[in-house]
Amino acid sequence: QVQLVESGGGLVQAGGSLRLSCTASGRTFGIYGMGWFRQAPEKEREFVAAISGSAGSTYYADSVKGRFTISRDNARNTYLQMNSLKPEDTAVYYCAARHVSTWYAKGAYDYWGQGTQVTVSS
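Residues numbered from 1 in each chain as written. Predicted model: local features only at pLDDT ≥ 70, side-chain atom pairs only at ≥ 80, totals over all residues. Heavy atoms only, no water.

> I'd like a description of the sheet that holds strand β8 (residues 77-82), backed by residues and values.
Read across the sheet, 4 strands follow the order β1-β3-β8-β7 without closing on themselves; strand pairing throughout is antiparallel. On the outer flanks of this sheet lie β1 (2-7) and β7 (68-72), each paired with one strand and no other. Put simply, the sheet's adjacent strands are angled 15° from each other on average, direction ignored. Here β7 runs beside β8; their pairing, made up of 5 bridges, is antiparallel. Along β8, the bridge assignment pairs Ser71 with Tyr79. (Pairing = 2+ DSSP bridges. Helix = DSSP H or I, 4+ residues; strand = E, 2+ residues; numbered from the N terminus. Axes fitted to C-alpha atoms, helices over the stretch in contact; angles between N-to-C directions.)

> With reference to specific residues and values, describe the packing of aromatic side chains.
The geometry of an aromatic ring pair is captured by two quantities: the separation of the ring centres and the angle between the planes. Applying the stated criterion across every chain, the model contains 7 aromatic pairs. A ring pair is formed by Phe37 and Tyr109, whose centres lie 5.1 Å apart and whose planes are at 80°; its orientation type is edge-to-face. With a gap of 72 residues between them, Phe37 in strand β4 (residues 33-39) and Tyr109 in strand β10 (residues 109-112) connect regions that are remote in the sequence. On the basis of relative accessible area, Tyr109 is assigned to the buried category, the value being 5%. Members of the aromatic cluster, joined through ring pairs, are Phe37, Phe47, Tyr59, Trp103, Tyr104, Tyr109 and Trp112. Positioned over the ring face of Tyr79 is Arg19, at 4.0 Å from the centre of the ring. (Phe/Tyr/Trp six-rings, centres within 6.5 Å; stacked < 30°, edge-to-face > 60°. Buried < 20%, exposed > 50% of the residue type's maximum accessible area, 1.4 Å probe, protein only. Lys NZ or Arg CZ within 6 Å of the ring centre and 35° of its normal.)

Quick look at the structure:
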């Protein structure tokens, strides 16, 4: 089992920045990639960003491309730097881990964190 814990959420004004962190523990050997998803009230959980493999290839949703950056510093810590935040970025943000190369589908992820709230005021 792998446990994921997110932190770094909060309230920020539009145009501001936040950095989310995700720390993994447990049996992390074999984890191929990490992802961030978000879910706004009454909406489906959606893909935000992913990072894969030893080369650290990154992928982004069109809505955050150029504003958000996913990174990792070792096998256990993954980050999401969020700049130029907009009110529509308000959501609960989830960190997730997967064993496969597919990076965009929720079903490809085996482990999920509990989520951290991000609220962007206008």
